[in-house]
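Coordinates in review
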Amino acid sequence: MATKIGIDAGGTLTKIAYWDEKMELHLLSFLSSNFQAVKDWIDSNHSLASICLTGGRAEQLKKYLISQKDIPYIVEFDATMAGVKHQLKQQNIHCEKAIIANIGTGTSIHLMNENSHSRLGGTGIGGGTFIGLGQVLTGLSSYEELISLSKIGNRSSIDILVSDIYESNKLPINGSLTASNFGGVALKTAEKRSEADYLSGIQGIIGEVVASLCIQAADAYHVNSIIYIGSTLENNNLLKEIIRSYTQLKDKEPIFLGKNGYSGAIGALLESN
Ligand SMILES: Nc1ncnc2c1ncn2[C@@H]1O[C@H](COP(=O)(O)OP(=O)(O)OP(=O)(O)O)[C@@H](O)[C@H]1O
Ligand SMILES: [Mg+2]
């Protein structure tokens with residue numbers, strides 16, 4: 001039985017964080033296309049708990065929870081920031097200034113200072129891109145199937161590296177950088193490619209676009225650490241590795257938080273009373 005509940009109703013997933021009577025933290029998620037399941041979960045065991053909502057689809061979810069009058073709402077970016085700070089503390093990570101990339105359905109990029117935060121920008125390249133493009137290229141729609149297939153893929157025939165172009169010429173930049181994501185499909189015509197290769201190529205686009213934007217933001221704001229969050233990283237070591245290596249290559253420190261997708265829900269939970 002929950003006493004307090006924080007809910008982050010996102011474009012794809014609705015994340016829930018709650019404390020039980022022993023003040024132990026529990027986390028779970030539902031598809032945002034199934035708000036009825038969220039309502040059923042609350043009604044079945046937790047109807048007495050105080051709730052705080054956040055996320056872009058909070059208003060839509062509120063309509064489902066009509067029995068719960070006047071549910072408080074906290075702005076998504078405020079909730080996310082509060083959640084990130086709580087998670088950093090829990091993991092004993094000391095970080096007061098960082099770029100934060102929330103890789104959700106799309107990606108939002110923020111600057112976190114000790115006592116303030118601001119949104120710097122974002123990109124439509126995110127977790128929705130993986131599911132959407134993945135479905136076009138493989139016909140699969142299950143997230144779990146897409147993720148596990150992407151893990152066995154190989155990007156070498158999909159992408160063009162700087163070293164593929166320069167070959168034995170003197171390299172002006174690191175040869176292992178991607179010169180063109182998916183450019184190999186057009187230029188490496190003799191090579192065979194599998195669906196798994198395409199999927200790992202999509203992960204490459206997402207990881208490299210997001211990391212590149214964050215690195216530029218970190219340079220502009222003189223920040224060394226980049227915190228990557230969002231459910232797109234959940235059970236997705238391939239994406240984490242792409243992001244980690246790109247970020248480190250540019251001498252920035254990548255930070256991943258356990259329970260990547262739950263910062264907003266945890267932040268809303270901290271605000272519930
Ligand atoms: N069980 C799942 N079903 C569907 N997508 C999943 C699942 N688990 C992880 N994902 C990935 O997580 C992404 C959604 O991440 P997240 O929950 O952080 O975004 P969101 O909050 O719903 O969206 P936004 O913040 O952009 O409104 C999906 O696009 C997908 O790539
Ligand atoms: Mg979100």
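Quick caveat: nothing in here was measured; it's all calculated off a predicted structure.

**Some thoughts on the site of ligand 1**
- Taken together, the neighbourhood of ligand 1 is formed by 19 residues, with Gly11, Thr12, Lys15, Thr105 and Ser231 sitting nearest.
- In this structure, an oxygen atom belonging to ligand 1 sits 2.7 Å away from a side-chain N or O atom of lysine 15.
- Isolated, ligand 1 exposes 650 Å² of accessible area, and the fraction of that covered by the protein chains is 85%.
- Taken atom by atom, the bulk of ligand 1 overlaps the largest pocket.

**Concerning the sheet that holds strand S10 (residues 225-229)**
- A sheet is described by the order of its strands in space; here 5 strands give the open sequence S7-S6-S5-S10-S11, paired in mixed fashion. Edge strands, defined here as strands with exactly one partner in the open sheet, are strand S7 (117-123) and strand S11 (253-256). Direction aside, neighbouring strands of the sheet carry axes that sit 25° apart on average.
- For strand S5 (residues 98-103) and strand S6 (residues 107-112), the ladder comprises 6 bridges, and the chain directions are antiparallel. Opposite alanine 101, over in S6, you have isoleucine 109 as the bridge partner.

**Focus: the pattern of salt bridges**
- Taken as a whole and assessed by the stated rule, the structure comprises 7 salt bridges.
- Taking the shortest distance from any N to any O, the salt bridge between aspartate 164 and lysine 188 comes out at 2.9 Å. Remark: lysine 188 occurs in the loop between helix H7 (183-187) and helix H8 (195-220) and aspartate 164 occurs in helix H6 (residues 162-166); sequence separation between them is 24 residues.
- Under the relative-accessibility criterion, aspartate 164 is labelled partly exposed at 31%.
- Given the relative accessible area of 15%, lysine 188 is considered buried.
- Where salt bridges share partners, they join Arg155, Asp159 and Glu208 into one cluster.

**Thoughts on the pairing of S5**
- Within S5, 6 of the 6 residues are buried, which leaves it mostly tucked inside the rest of the structure.
- Burial along S5 is two-sided: Ala98, Ile100 and Asn102 and Ile99, Ala101 and Ile103, pointing in opposite directions, are all buried.
- In textbook terms, the turn of a hairpin is the stretch between consecutive antiparallel strands, and for S5 and S6 this stretch comprises 3 residues.
- Looking at chain direction, S5 and S10 are connected through 4 bridges and run parallel.

**Structural notes on the environment of phenylalanine 30**
- Within the fold, phenylalanine 30 resides in strand S3 (residues 25-31).
- Here the alpha-carbon distance between phenylalanine 30 and isoleucine 255, two residues 225 residues apart in the chain, equals 26 Å.
- For phenylalanine 30, the contacting residues outside a window of four places in its chain are Thr12, Leu13, Thr14, Ile16, Ala37, Val38 and Trp41.

**Concerning the environment of asparagine 260**
- Position of asparagine 260 among the secondary structure elements: in the loop between S11 and helix H10 (263-271).
- Judged by relative accessible area, which is 4%, asparagine 260 ranks as buried.
- Separated by 28 residues in the primary sequence, asparagine 260 and threonine 232 have C-alpha atoms spaced 8.2 Å apart.
- If near-sequence neighbours (up to four positions away) are discounted, asparagine 260 is found in contact with Ile229, Gly230, Leu233, Glu234 and Lys240.

Cut-offs applied
Residues numbered from 1 in each chain as written. Chains lettered and ligands numbered in written order. Predicted model: local features only at pLDDT ≥ 70, side-chain atom pairs only at ≥ 80, totals over all residues. Heavy atoms only, no water. Near = heavy atom within 4 Å. Polar contact = N/O pair within 3.5 Å; in protein donor to acceptor, adjacent residues only side chain to side chain. Areas by Shrake-Rupley, 256 points an atom, 1.4 Å probe, with all protein chains shown as cover. 1 Å grid on protein atoms, 1.4 Å probe; cavity = no way out; pocket = protein on both sides within 12 Å on 5 of 7 lines; lining within 4 Å. Sits in = over half its atoms within 2 Å of the grid points. Pairing = 2+ DSSP bridges. Helix = DSSP H or I, 4+ residues; strand = E, 2+ residues; numbered from the N terminus. Axes fitted to C-alpha atoms, helices over the stretch in contact; angles between N-to-C directions. Salt bridge = Lys/Arg side-chain N within 4 Å of Asp/Glu carboxyl O. Buried < 20%, exposed > 50% of the residue type's maximum accessible area, 1.4 Å probe, protein only. Contact = heavy atoms within 4.5 Å.

Distances and angles like these do not, on their own, reveal function.
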